[in-house]
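If you want the building blocks of each chain, they are given just below.
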2 protein chains.
Amino acid sequence: MNPSLAPVPLAKAYRLLNHGPTVLVSAAHAEQCSVMAAAWVMAVDFEPCKVAVVLDKQTWTRQLLEAEGSFVLNVPCAAQVDLVHTVGNTSGWKVDKFDAYGIETLEGTRICAPLIAGCVAWLECRVLPEARNQQRYDLFLGEVVAAQADTRVFRDGHWDFAGQDGLRTLHHVAGGHFLVIGDTVQGQMLPPQA
Amino acid sequence: MNPSLAPVPLAKAYRLLNHGPTVLVSAAHAEQCSVMAAAWVMAVDFEPCKVAVVLDKQTWTRQLLEAEGSFVLNVPCAAQVDLVHTVGNTSGWKVDKFDAYGIETLEGTRICAPLIAGCVAWLECRVLPEARNQQRYDLFLGEVVAAQADTRVFRDGHWDFAGQDGLRTLHHVAGGHFLVIGDTVQGQMLPPQA
């Protein structure tokens, strides 16, 4: 159990995804579960917090997600880069990734899909069924029903990774080439020109 | 004119967004144009490259985008953080942001909306009309018809920001609090456990 894990108010759950991290999507149904990587994910609403994620038709995770009607978005960190690359390049049709790669899990609070241990945030979601989006664009919408984060890097509604390089979020480009998130900068309002 | 600007093959245009940067959305119609900030944006397909972006009903940029059926996703950089914060917190209904903040533009190659100068990538997009998504979720889908990037930081299909701190992409959390993107890490395949 991670002692630094804390609930995130649902009205601020969008902030866990707002900076565009690559996620691990986990789903479970009828005592089977799977996990995959997804870079095409974003928030779509504040409150209730909604999310969108693209899931290829060939993925086993999508089958479980559709059967159960729920899923978890896990936000992994730099220390997990090999795990993210590996579950993004193996198929749950062929292998139980949890067994094969010794993936530890935590229980969710509202959704049966497992939370992936070692991540820095978790969003438990119910599918908002939109058949046309799912079939035509592989696009799934979900409502966030519970959210948690690691307080070492997410506190008071903001990320701060200073001194926690291993917990920085991962941002996939292509082919296992990731960027890790950097440090904070505060924008200031410009004065209008006369 | 930026001498380091180069076309990006459409099959690799998704990589300009894959790592989750906050963007500036520009649109133009009938000699009016506007620009806003959007963090809720992602790729949804490889080829043809498609994108999704959430645009609030109250925004002037959305009105122009809907009227013209096209838009540009501009990927801004750390040197522009105040500009991004400012256009994200002012309304095109009330002010011409280009005049008020001295925003310089470049001409697009396929779409009439202006490209914002000083950004590090640009995706010119045609709206894929999906009335239900637009009305119910403020969610717009687009097909990328042209893409360019700044070769100082995007070359051979990959981002590399080493030595270019001012050109690092911005990732908004909330309230003008941004994270800048960091450096590269390469994921490796884990061996399956016996």
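Predicted model only: the values in this text are computed from it and were never measured. (Residues numbered from 1 in each chain as written. Chains lettered and ligands numbered in written order. Predicted model: local features only at pLDDT ≥ 70, side-chain atom pairs only at ≥ 80, totals over all residues. Heavy atoms only, no water.)

Chemist: Help me understand the interface of chain A and chain B in this model?
Modeler: Quoted interface sizes are often the accessible area lost when the parts come together. With 64 residues of chain A in contact, the opposing surface of chain B contributes 64 residues. Summed over both partners, the interface of chain A with chain B buries about 5,300 Å², with 61% contributed by carbon and sulfur atoms. When residues of chain A are sorted by the area they lose upon contact with chain B, Trp40, Met42 and Tyr137 of chain A head the list and together hold 14% of the total. Between glutamate 130 of chain B and arginine 132 of chain A there is a salt bridge, with the nearest N and O atoms lying 2.8 Å from each other. Summed over the shared surface of chain A and chain B, the number is 35 residue pairs in polar contact (both at pLDDT 80 or more). With 10 residues, strand β14 (residues 177-186) of chain A is the single largest residue contributor to the side of chain A that touches chain B. Residues that form the side of chain A that touches chain B fall into these classes: 33 nonpolar, 22 polar and 9 charged. (Contact = heavy atoms within 4.5 Å. Buried area = accessible area lost by both parts, 1.4 Å probe. Salt bridge = Lys/Arg side-chain N within 4 Å of Asp/Glu carboxyl O. Polar contact = N/O pair within 3.5 Å; in protein donor to acceptor, adjacent residues only side chain to side chain. Helix = DSSP H or I, 4+ residues; strand = E, 2+ residues; numbered from the N terminus. Nonpolar A, V, L, I, M, F, W, Y, C, P; charged D, E, K, R; others polar.)

Chemist: Where do I start with the sheet that holds strand β14 (residues 177-186) of chain B in this structure?
Modeler: Within a sheet, each strand pairs with its neighbour through backbone hydrogen bonds, oriented either parallel or antiparallel. Strand order in this open sheet of 4 strands is β13(A)-β14(A)-β14(B)-β13(B), and the pairing throughout is antiparallel. With partners counted over all chains shown, the strands left at the sheet margins are β13 (170-174) of chain A together with β13 (170-174) of chain B, one partner each. Each neighbouring strand pair of the sheet contributes to a mean axis angle of 40°, computed without reference to strand direction. With 4 bridges joining them, β13 of chain A and β14 of chain A adopt antiparallel strand pairing. Looking at β14 of chain A, one finds that histidine 172 of chain A is bridged to phenylalanine 178 of chain A. (Pairing = 2+ DSSP bridges. Axes fitted to C-alpha atoms, helices over the stretch in contact; angles between N-to-C directions.)

Chemist: Is there a simple way to think about the packing of aromatic side chains in this case?
Modeler: A ring pair, where both rings are aromatic, is described by two values, the distance of the centres and the angle of the planes. Going through the model one piece at a time under the given rule, you end up with 12 aromatic pairs over all chains. Between tryptophan 40 of chain A and phenylalanine 46 of chain B the ring centres are 4.7 Å apart and the planes differ by 50°, which places this aromatic pair in the tilted class. With tryptophan 40 of chain A in the loop between β3 (32-38) and β4 (41-45) and phenylalanine 46 of chain B in strand β4 (residues 41-46), this residue pair bridges two chains. Aromatic pair phenylalanine 154 of chain A and tryptophan 159 of chain A: ring centres 5.1 Å apart, planes at 70°, arrangement edge-to-face. Accessibility assignment for this pair places phenylalanine 154 of chain A and tryptophan 159 of chain A in one class, buried. Among the aromatic residues, those joined into a cluster by ring pairs are Tyr14 and Phe46 of chain A together with Trp40 of chain B. (Phe/Tyr/Trp six-rings, centres within 6.5 Å; stacked < 30°, edge-to-face > 60°. Buried < 20%, exposed > 50% of the residue type's maximum accessible area, 1.4 Å probe, protein only.)

Chemist: Is there a simple way to explain the pairing of strand β6 (residues 70-75) of chain A in this structure?
Modeler: Looking along a regular strand, one sees the side chains alternate between the two faces of the sheet. Residue and element names in this part refer to chain A. The buried fraction of β6 is high, at 6 of 6 residues. Both faces of β6 are covered, namely the face carrying Ser70, Val72 and Asn74 and the face carrying Phe71, Leu73 and Val75. Of the pairings in the sheet, the one linking strand β2 (residues 23-29) to β6 comprises 3 bridges and is antiparallel in character. What sits directly across from leucine 24, in β6, is asparagine 74. Sheet topology note: the β6/strand β9 (residues 121-128) ladder contains 6 bridges and is antiparallel. Directly across from serine 70, in β9, lies its bridge partner arginine 126.

Chemist: Honestly, unusual backbone geometry in this entry has me stumped. Any pointers?
Modeler: Comment: phi is negative for the bulk of residues other than glycine, and the bulk of peptide bonds are trans. A cis geometry characterises the amide bond from glutamate 47 of chain A onward to proline 48 of chain A, with omega recorded as 0°. Mapped onto the elements, proline 48 of chain A comes out in the loop between β4 and β5 (50-54). A positive phi is found at alanine 30 of chain B, a non-glycine position, where the angle reads about 50°. Looking at the secondary structure, you find alanine 30 of chain B in the loop between β2 (23-29) and β3 (32-38).

Chemist: Just checking my understanding: could you explain empty space enclosed by the protein for this structure?
Modeler: Gaps between atoms show up when a probe of the same size as a water molecule is rolled over them. Evaluated as defined, the whole model comprises 1 cavity of 30 Å³ or more. Its boundaries defined by the atoms lining it, the largest cavity holds a volume of some 80 Å³. Lining the largest cavity are 16 residues, with Gly20 and Val41 of chain A together with Gly20, Ala39 and Val41 of chain B positioned closest to its centre. Counting only elements with at least two residues in the lining of the largest cavity, the list comes to β4 of chain A together with β4 of chain B. Element by element, the count of residues in the lining of the largest cavity is highest for β4 of chain A, at 3 residues. Residue composition of the lining of the largest cavity, by class: 12 nonpolar, 4 polar and no charged. (1 Å grid on protein atoms, 1.4 Å probe; cavity = no way out; pocket = protein on both sides within 12 Å on 5 of 7 lines; lining within 4 Å. Points joined across faces, edges and corners; volume = space filled by probe spheres on them.)

Chemist: In this structure, what is going on with the state of the cysteines? I would like to understand it.
Modeler: A covalent bond between the sulfur atoms of two cysteines is referred to as a disulfide. Residues and elements named next belong to chain A. Per the counting criterion, the structure on display carries 0 disulfides over all chains. No disulfide involves cysteine 77; its sulfur sits 6.7 Å from that of cysteine 119, the nearest cysteine. The thiol of cysteine 125 is unpaired, and the distance to the nearest cysteine sulfur, on cysteine 49, comes to 7.4 Å. (Disulfide = S-S within 2.5 Å.)

Chemist: Please explain helix α1 (residues 60-68) of chain B as it appears in this structure.
Modeler: Residues that lie three or four places apart on an α-helix share one face, since the helix turns once every 3.6 residues. Residues and elements named next belong to chain B. Buried within α1 are the following residues: Trp60, Thr61, Arg62, Leu64 and Leu65. Where α1 is buried, its residues meet β2, β3, β6 (70-75), β9 (121-128), α4 (131-137) and β10 (139-150). At the N-terminal boundary of α1, the capping side chain belongs to threonine 59, with an oxygen 3.3 Å from the backbone nitrogen of arginine 62. Two residues or fewer after α1 comes glycine 69, characterised by a positive phi angle close to 80°.

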